[in-house]
Amino acid sequence: MPRVAVIGCGDVATVHFEAIAAIEGAELVAVCDTDPGRLAEASVARGVPGYADVAAMLDEVRPDVVHVCTPHNQHADPAIAALERGINVISEKPLASTLADGERLAAAAAASSARIGVCFQNRYNQAVAAMAQRLASGEFGEILGGSGTVMWSRDAGYYLNRPWRGSWEGGGGGLLMNQAIHTLDLLQWMMGEPTSVSGHAATHALGATIDVEDTAELVLTHANGARSVFYATLANSVNAPITVDIVAEKATLHLRGDLAITHSDGREEVVQERRAESGGRDYWGVSHQLYIADFYSQLGQDGPFWINPDEALKTLRIIKDVYAQSYPDRVAEVS
Ligand SMILES: NC(=O)c1ccc[n+]([C@@H]2O[C@H](COP(=O)([O-])OP(=O)(O)OC[C@H]3O[C@@H](n4cnc5c(N)ncnc54)[C@H](O)[C@@H]3O)[C@@H](O)[C@H]2O)c1
């Protein structure tokens, strides 16, 4: 019967509240937010006590699990405070806004009896999971190369509503840290952590409103010598479906929501994605609930959850490497 608290009651918290309500036996016991208006709203709407201070909430309520749904620069401290008290954590992505905070959080996780999972929920999409599992099985032979794209649209209002999203201090970066991180994570998960990263981030469309990047291109080299290329922008006119393509010796795999596999002998296969409704936005995908339910189903098991801080650090390192290359005069600020 896990007792649960949510830290950060903004946009994404909606899908976490939904997912908690869907878990048999889970009981929401508190909410926490530093914004008095949002705290009052969430506390009334959910019928649970509200706290402005994370430590006070953890010590008084002693939840079994906390969901960290705060801005990027507010992930590490609440998550570490929970882990130090032996309280399990589900943290939104990215792991942290800086590499140093990400490493601090990974160390706290290693020292804790509790578990932490980082929300890369797209790994639970049906088509994505099939793609990763079948590539890993070796049935397609060696992976020869890959590519990914994220061509989405964000306007000034998205940032004016939540200024942390457009600042290095609050977001630790822009498009790569906030939106493209999911698809970059899928690419590095399927192709392996890169041995070298060459990339560039820039601000082409939203510079009047944000300090962080809205566009990026990357070339990654992986351990077997295969390369992947990646392009992402928020300057597109629509939120196009993300793409991940992998070319292997015996097949080419195209992810566009559904997965299409073209075998080298001419056979075609399609793995359909689930169609699901949630209170979240379409482009968040359909799998927050699956991811959260999986985390809860493994509570109390030994060893780390599979999408743990060490796993999440892999994508954070790629992104911070691109920032260091793109802003050589501001490495300390963007790392
Ligand atoms: N996995 C996904 O697909 C997905 C989708 C959307 C957002 N997110 C992530 O969720 C997180 C939150 O994003 P959002 O759009 O909901 O942000 P938001 O600004 O709408 O909400 C964040 C809330 O946290 C509160 N807060 C800030 N600092 C706090 C602190 N120290 N303690 C307690 N509360 C604090 C704010 O007052 C605000 O209400 C981000 O990390 C974002 O990247 C993930």
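Reading the values: the criteria
- Per-chain numbering applies: the sequence of each chain, read as written, is numbered from 1 onward.
- Where totals are concerned, whole chains, interfaces and linings use all residues; where local detail is concerned, this predicted model gives features only for residues with pLDDT of at least 70, and gives and counts side-chain atom pairs only at 80 or more.
- Side-chain descriptors were evaluated using all non-hydrogen atoms of the structure, hydrogens and water having been removed beforehand.
- Only buried Ala, Val, Leu, Ile, Met, Phe, Trp, Tyr and Cys residues count toward a nonpolar core, and they belong to the same one when joined by side-chain atoms within 4.5 Å.
- For the exposure calls, accessible area comes from a 1.4 Å probe over protein chains only, and a residue counts as buried if that area is under 20% of its type's maximum, exposed if over 50%, partly exposed in between.
- Secondary structure elements follow DSSP: runs of H or I of four or more residues count as helices, runs of E of two or more count as strands, with numbering from the N terminus.
- In what follows, residue pairs with any heavy atoms lying within 4.5 Å of each other are defined as contacts.
- One heavy atom suffices: a residue is near a molecule or strand as soon as one of its heavy atoms comes within 4 Å of it.
- Two N or O atoms count as a polar contact when they lie within 3.5 Å, although within protein this holds only if one can serve as hydrogen donor and the other as acceptor, and sequence-adjacent residues are included solely when both atoms are side-chain atoms.
- When residue character is reported, Ala, Val, Leu, Ile, Met, Phe, Trp, Tyr, Cys and Pro are called nonpolar, Asp, Glu, Lys and Arg charged, and the others, Gly included, polar.
- Should a side-chain nitrogen of Lys or Arg be within 4 Å of a carboxyl oxygen of Asp or Glu, the pair is scored as a salt bridge.
- Cysteine sulfur atoms that come within 2.5 Å of each other are treated as a disulfide pair.
- It is the directions from the helix axis to the C-beta atoms that the arc portrays.
- Each axis is a line fitted through C-alpha atoms, and for a helix only the stretch in contact is used; angles between axes span 0 to 180 degrees, taken between their N-to-C directions.
- An angle counts as roughly parallel when it lies under 35 degrees, as roughly antiparallel when it exceeds 145, as roughly perpendicular when it falls between 65 and 115, and as oblique in every other case.
- In this scheme, a crossing is called left-handed if the near helix is turned counterclockwise away from the far one by less than a right angle; it is called right-handed if the turn is clockwise.

(A) Quick peek at the nonpolar core. The biggest cluster of nonpolar side chains holds 111 residues, and the ones touching the most others in it are Met57, Val66 and Leu176. Per-element tally for this core: the top contributor is helix α9 (residues 175-191), with 10 residues. Those residues within four positions of Met57 in sequence are excluded, and the remaining contacts are Ala5, Ile7, Ala30, Cys32, Tyr51, Arg62, Pro63 and Val66.

(B) Highlighting the site of the ligand. Around the ligand sit 28 residues, and of these Asp33, Arg38, Lys93, Arg162 and Arg165 come closest. One of the side-chain nitrogen or oxygen atoms of His72 is found 2.8 Å away from an oxygen atom of the ligand. Arg165 is positioned such that a nitrogen or oxygen atom in its side chain is 2.7 Å from an oxygen atom of the ligand. For the shell around the ligand, the per-class residue count stands at 9 nonpolar, 11 polar and 8 charged.

(C) Looking closely at the pattern of salt bridges. In this structure the tally under the stated criterion is 15 salt bridges. Across the salt bridge formed by Arg104 and Asp101, the nearest N and O atoms sit 2.9 Å from each other. In this pair, Arg104 and Asp101 are both assigned in helix α5 (residues 99-111), 3 residues apart and thus about one turn of the helix distant. Judged by relative accessible area, Arg104 falls into the partly exposed class, the value being 37%. On the basis of relative accessible area, Asp101 is assigned to the buried category, the value being 18%. For the salt bridge of Arg330 with Glu333, the shortest nitrogen-to-oxygen distance reads 2.9 Å.

(D) Local environment of the state of the cysteines. Throughout the structure, instances matching the rule amount to 0 disulfides. Cys32 provides the cysteine sulfur closest to Cys9, a residue in no disulfide bond, and the two sulfurs are 7.4 Å apart.

(E) Here's a closer look at helix α10 (residues 288-297). Among the residues making up α10, those that are buried are His288, Tyr291, Ile292, Phe295 and Tyr296. For α10, the angular spread of buried residues about the axis comes to 135°, placing them on one side. Those residues of α10 hidden inside the fold are in contact with β1 (3-7), α1 (13-21), β4 (65-68), β5 (88-91) and β6 (116-118).

(F) Expanded view of the packing of α1 against α10. In contact at an axis separation of 9 Å, α1 and α10 are set at 50° when each is read in the N-to-C sense. The pairing of α1 with α10 is recorded here as oblique in orientation. Regarding α1 and α10, the two cross each other, and that crossing is right-handed. Note on element contacts: α10 touches α1 through His288, Gln289, Ile292 and Tyr296, opposite Val15, His16, Glu18, Ala19 and Ile20. Looking at the contact of α1 with α10 residue by residue, the classes come out as 5 nonpolar, 3 polar and 1 charged.

Just distances and angles here, no functional claims.
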